[in-house]
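# Report on the structure
These are the residues of each chain, in order.
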Amino acid sequence: MTATTASDLSSVTSSDAALRAFLHGLPGVDQVGAEQRAAMLGTRSIKTTAKAWAIDLAIRMVDLTTLEGADTPGKVRALCAKARRPDPADPTCPPVAAICVYPAMVPVATEALAGSGIHTASVATAFPSGQAPLEIKLADTKAAVAAGADEIDMVINRGAFLAGRYLEVFEEIAAVKQACGPAHLKVILETGELSTYDNVRRASWIGMLAGGDFIKTSTGKVPVAATLPVTLVMLEAVRDFRDLTGRQVGVKPAGGIRTTKDAIKYLVLVNETAGDDWLDPDWFRFGASTLLNDLLMQRTKLTTGVYAGPDYFTLD
Amino acid sequence: MFEYAPAPESRAVVDIKPSYGLFVDGAFVDPADGAYFKTINPASEEVLSEVAEAGPADVDRAVAAARKAYDKVWSRMPGRDRAKYLYRIARIIQERGRELAVLESLDNGKPIRESRDVDIPLVAAHFFYYAGWADKLAHAGFGPAPRPLGVAAQVIPWNFPLLMLAWKIAPALAAGNTVVLKPAETTPLTALLFAEICQQADLPPGVVNIVTGAGETGRALVEHAGVDKIAFTGSTDVGKAIARSVAGSRKKVTLELGGKAANVVFEDAPIDQAVEGIVNGIFFNQGHVCCAGSRLLVQESVYEPVLASLKRRMARLRVGDPLDKNTDIGAINSAAQLERIRTLSDIGGEEGAERWSPPCELPENGFWFAPTIFTGVTQAHRIAREEIFGPVLSVLTFRTPAEAVEKANNTPYGLSAGVWTDKGSRILWMADRLRAGVVWANTFNKFDPTSPFGGYKESGYGREGGRHGLEAYLDV
């Protein structure tokens with residue numbers, strides 16, 4: 001990889017053949033080894049002060065998400081209130097990073113979050129399947145940005161990726177990035193559908209080369225969502241990409257992360273793979289909904305020494 | 001900065017007695033001449049306990065007990081009944097796993113993560129595995145009714161104290177032998193706890209005897225006229241001495257000795273996992289591993305990215321308190337071993353290799369050595385030829401597969417090797433040519449009771465583990 005310099009990188013996306021050669025030239029991922037490494041890091045024992053620090057950081061990294069057909073303004077407003085003050089009983093509890101909703105709910109969220117510093121993220125590009133013509137995906141994106149979203153979570157064209165049409169995937173992401181204007185772009189790889197770690201690594205590079213500000217694991221709408229080894233591979237990709245280009249890209253595991261224990265495992269993974277620079281809500285997020293209450297429960301346990309029942313935490 | 005708070009495993013789970021006798025004929029007994037030696041925690045130099053030093057009279061007594069148990073009980077017992085005892089021992093090891101892990105880390109200095117997740121589970125697995133063979137020896141490929149050998153004298157090293165005990169005792173007992181085992185003088189405690197487990201399992205007296213002591217005790221044991229079989233794991237020098245001393249006698253011998261394994265990384269390797277494998281190969285158990293991947297052979301075309309990744313990864317290694325659950329590298333087992341590692345490392349520098357260690361703070365007390373790599377090493381350097389048995393890696397390069405094979409085999413040892421490549425055919429091509437008892441492909445330091453382990457050349461002879469491991473304890 002060191003043979004390629006930052007200036008050559010524009011040429012790797014000049015043709016389908018060049019991009020294919022580049023992606024297939026990336027070092028492979030050994031499945032057994034990657035899973036073993038992730039499992040080993042999962043055994044780190046994070047206690048007391050380290051745990052308290054990690055829980056607060058994890059809360060600040062949550063993209064509090066509701067992506068349901070049944071979403072209403074009332075539901076979204078309630079979630080926004082929770083985002084501002086996750087624990088009404090404790091003012092020292094930090095707010096979350098962002099609210100993540102469908103485009104139609106963006107105006108409600110933006111209004112409810114005004115002045116809070118909490119970002120409004122909108123899924124777009126015919127989320128979750130992405131099976132729509134490009135012009136519709138771009139219109140979807142522009143509408144969300146126009147309605148006030150400052151972060152866009154797009155899905156890549158998995159059909160094109162699995163068919164080997166890498167340049168098409170790249171060009172779509174680049175077009176969406178342009179449509180985003182000032183909004184940050186998170187590129188959802190839907191790793192559960194990509195299936196192999198080699199594919200995850202290649203898709204990560206396509207997302208970064210095309211200008212994505214974040215790479216994100218999953219929509220949460222297919223059976224396999226975020227896993228530790230997949231996130232490990234993506235963290236290696238953003239680390240290597242920064243080494244090569246100097247540009248830092250964030251990572252967002254989403255879907256299936258429900259407990260504090262899990263969240264802390266991810267933070268350990270970040271710490272020991274990409275490093276300190278990524279331990280910040282600007283560079284690492286959790287796409288989650290139920291995770292937040294478990295974080296709050298554990299936080300209360302650490303400060304008071306006792307577990308409070310689930311009724312002491314708000315359900316929104 | 002994400003600083004991990006201390007996460008120490010509790011010492012309270014293990015009850016260390018102030019003094020231990022010898023385990024002979026099912027009971028703890030005082031040594032004949034009343035001599036004891038101390039065993040310390042290498043991470044703090046704190047004295048953990050004192051342990052009997054067995055002299056020739058004690059060894060005599062232990063061998064006699066083993067002989068009696070062999071003649072009267074164990075060799076006559078049906079295999080299915082021997083299996084019951086072995087299964088019982090395996091289950092007790094699992095039940096007392098935490099206790100054994102903590103004691104192993106205290107006496108040896110290895111991180112609790114390794115004793116908990118690697119050593120002790122493998123110990124139990126070995127007993128379970130060979131328990132299964134005890135009533136199936138007729139189907140092991142050594143004839144319709146293979147006979148045991150008799151009394152086995154077993155001498156084990158300090159790097160995996162309880163695991164090496166399991167590798168020795170489980171197949172010996174399954175095959176119908178009785179044993180006298182001598183643990184290393186710096187790590188006797190888990191063997192003595194194992195003796196208690198034998199009592200707890202109601203193992204007939206004399207089937208397992210444990211005599212503690214140093215080199216002299218070991219010599220008295222292997223040279224004893226009453227033993228039929230010698231199994232030794234340790235240094236090549238001692239192994240050669242044992243082979244000489246038994247020449248011309250009826251004793252059968254298996255030796256598992258030193259190594260200087262090549263870990264070969266090709267340009268098409270999965271680099272991130274290869275780096276993990278390099279780290280695991282040489283820094284696992286502080287490099288106190290006979291099959292450690294102590295020579296890294298990297299294809300020149302990927303030398304720079306591999307080395308950069310390796311250094312970045314090494315900077316993440318957590319060196320310190322072995323009982324902390326987040327420790328990756330614990331203490332060096334003894335002052336003598338630390339001295340040897342220092343001496344050979346200094347020679348590496350004097351011979352012109354470039355030495356590098358990540359910044360890391362070492363505790364004040366105890367025996368510690370920072371993870372270290374030497375670059376610019378050639379086959380002519382002593383650090384590329386001699387076994388250091390510590391967290392020190394020599395990095396060499398190669399240009400072609402043929403050169404990799406030539407360099408990998410250019411050593412008096414032949415215990416293990418590693419190959420990292422995405423190309424399946426190349427793995428097989430390499431495995432055919434590497435003169436090593438174990439060749440790992442895209443992994444390293446993986447052990448399993450079903451898999452035979454042992455060396456070529458000066459790494460010893462005989463195999464432990466698997467069906468092959470039975471052969472060493474049967475009259476075939």
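Source: prediction; values computed, not measured.

### Observations concerning the overall build of chain A
Each helix and strand in chain A was counted, giving 14 helices and eight strands. What you see for chain A is a C-alpha radius of gyration of 19 Å, in line with the 20 Å of a compact globule of 316 residues. Sorting the 316 residues of chain A into buried and exposed places 53% on the buried side. Across chain A, the fraction of contacts at a sequence separation of at least 24, relative to all contacts at a separation of at least 6, is 74%.

### Examining the pairing of strand β2 (residues 98-101) of chain A
Residue and element names in this part refer to chain A. Covered by surrounding structure in β2 are A98 and C100 together with I99 and V101, the residues of both alternating faces. As judged from the three bridges shared by strand β1 (residues 62-65) and β2, these two strands associate in the parallel manner. Each bridged residue has a counterpart across the sheet, and for T65 the counterpart in β2 is C100. In this fold, the crossover linking β1 to β2 by way of helix α5 (residues 73-84) has right-handed handedness. The pairing of β2 with strand β3 (residues 119-123) spans four bridges and is parallel. Note that in β3 the partner of V101 across the bridge is S122. After leaving β2, the chain enters helix α6 (residues 106-113) and then returns to the sheet as β3, a path that is right-handed.

### So, the domain arrangement of chain B
All names here are of chain B. Under the domain assignment used here, chain B contains domain 1 (11-257 + 456-471) and domain 2 (262-441). Measuring from the centre of the C-alpha atoms in domain 1 to the corresponding centre in domain 2 gives 30 Å. Each side of the interface is counted separately: domain 1 has 22 residues, and domain 2 has 27 residues. Counting residues per element, the ones that place at least two in the side of domain 1 that touches domain 2 are α3 (97-108) and α4 (112-133).

### Notes on the sheet that holds strand β17 (residues 438-441) of chain B
Residue and element names in this part refer to chain B. Spatially, the seven strands line up as an open sheet ordered β13-β14-β15-β12-β11-β16-β17, and their pairing is mixed. The open sheet has two edge strands with one neighbour each: β13 (354-356) and β17. Strand-to-strand twist in this sheet, taken as the mean axis angle between neighbours without regard to direction, amounts to 20°. Here three bridges tie β13 to strand β14 (residues 372-375), and the two strands are oriented antiparallel to one another. Bridged to W356 within β14 is I373.

### Side note on the interface of chain A and chain B
Residue-level contacts link 25 residues of chain A with 21 residues of chain B. Where the side of chain A that touches chain B is concerned, the elements lending two or more residues are α3 (31-41), α4 (48-60) and α13 (260-273) of chain A. Considered class by class, the residues forming the side of chain A that touches chain B number ten nonpolar, eight polar and seven charged.

### A look at the UniProt feature "active site" (unreviewed entry) in chain B
All names here are of chain B. The feature "active site" (unreviewed entry), as annotated in UniProt, sits at E256 in this numbering. You can see E256 is positioned in strand β10 (residues 252-256). Its 28 C-beta neighbours within 10 Å are what place E256 among the buried residues. In this view, E256 contacts T233, C290, G454, G455, G460 and E464; residues no more than four positions away in its chain are not counted.

### Quick look at the sheet that holds strand β5 (residues 184-188) of chain A
Residues and elements named next belong to chain A. Spatial ordering of the open sheet is given by β7-β6-β5-β4-β3-β2-β1-β8, a layout of eight strands whose pairing is parallel. In the strand order of this sheet, the two ends are held by β7 (250-252) and β8 (286-288), each with one partner. Across the sheet, the mean angle from the axis of one strand to that of its neighbour is 25°, orientation sign disregarded. With five bridges joining them, strand β4 (residues 151-155) and β5 adopt parallel strand pairing.

### Comments concerning the pairing of strand β16 (residues 416-420) of chain B
All names here are of chain B. Most of β16 is tucked away, with five of its five residues classed as buried. Both faces of β16 are covered, namely the face carrying S416, G418 and W420 and the face carrying A417 and V419. With four bridges joining them, strand β11 (residues 262-265) and β16 adopt parallel strand pairing. Note on β16: the bridge partner recorded for V264 is V419. Judged from the four bridges that link them, β16 and β17 form a sheet pairing that is parallel.

### Topic: the environment of A166 of chain B
All names here are of chain B. Residue placement: A166 occurs in helix α5 (residues 161-175). Along the chain, A166 and G143 lie 23 residues apart, while their C-alpha atoms are 25 Å from each other. In contact with A166, not counting residues within four places along its chain, are V123, H126 and F127.

### With respect to α13 of chain A
Given 3.6 residues per turn, any residue in an α-helix points the same way as the ones three and four places further on. Residues and elements named next belong to chain A. A rise of 1.5 Å per residue sets the reference length of α13, with its 14 residues, at 20 Å; its end C-alpha atoms lie 20 Å apart and thus fit the reference within 8%. The buried fraction of α13 amounts to eleven of the 14 residues, a majority that puts the element mostly inside the structure. Here α13 has its buried residues at T260, A263, I264, K265, Y266, L267, V268, L269, V270, N271 and T273. For α13, the elements touching its buried residues are α3, α4, α12 (228-245), β8 and α14 (291-304). Directly beyond the C-terminal end of α13, a positive phi value near 105° is found at G275.

### Overview of the nonpolar core
All names here are of chain A. Judged by nonpolar contacts, the single largest core of 103 residues is most densely connected at A58, V62, I99 and A109. It is α12 that contributes the most residues to this core, nine residues altogether. With near-sequence residues (within four places) excluded, A109 lies in contact with V76, C80, I99, V101 and T120.

### Comments concerning the packing of helix α11 (residues 197-209) of chain A against α12 of chain A
The description of two packed helices rests on the angle between their axes and on the distance between the axes. Residue and element names in this part refer to chain A. The contact between α11 and α12 brings their axes to 9 Å, and the two run at 40°. Put simply, α11 runs oblique to α12. α11 and α12 meet at a crossing whose hand is right-handed. Across from Y197, V200, R201, S204, W205 and M208 in α11, the residues of α12 making contact are P229, V230, V233, M234, A237 and F241. Of the residues belonging to the contact of α11 with α12, the class tally is ten nonpolar, one polar and one charged.

### Notes on the environment of A170 of chain B
Residues and elements named next belong to chain B. Secondary-structure assignment places A170 in helix α5. C-alpha of A170 to C-alpha of E53: the two residues are 117 residues apart in sequence and 25 Å apart in space. Non-local contacts of A170, meaning those with residues more than four positions away in its chain, are made with L86, H126, F127 and Y130.

### Regarding unusual backbone geometry
Put simply, F127 of chain A and P128 of chain A share a cis peptide bond, and its omega is 0°. Assignment of secondary structure puts P128 of chain A in the loop between β3 and α7 (134-146).

Reading the values: rules and limits
Residues numbered from 1 in each chain as written. Chains lettered and ligands numbered in written order. Predicted model: local features only at pLDDT ≥ 70, side-chain atom pairs only at ≥ 80, totals over all residues. Helix = DSSP H or I, 4+ residues; strand = E, 2+ residues; numbered from the N terminus. Rg over C-alpha atoms; globule rule 2.2 N^0.38 Å. Buried ≥ 20, exposed ≤ 12 C-beta atoms within 10 Å, placed from the backbone. Contact = placed C-beta atoms within 7 Å. Pairing = 2+ DSSP bridges. Right-handed = clockwise from strand over helix to strand, strands pointing away. Domains from an automatic or database assignment. Axes fitted to C-alpha atoms, helices over the stretch in contact; angles between N-to-C directions. Nonpolar A, V, L, I, M, F, W, Y, C, P; charged D, E, K, R; others polar. UniProt positions renumbered as here; feature names shortened; annotations may be inferred. Expected span 1.5 Å × (residues − 1). Core = buried A, V, L, I, M, F, W, Y, C linked by C-beta atoms within 7 Å. Parallel < 35°, antiparallel > 145°, perpendicular 65-115°, else oblique. Left-handed = near helix turned anticlockwise from the far one by under 90°.

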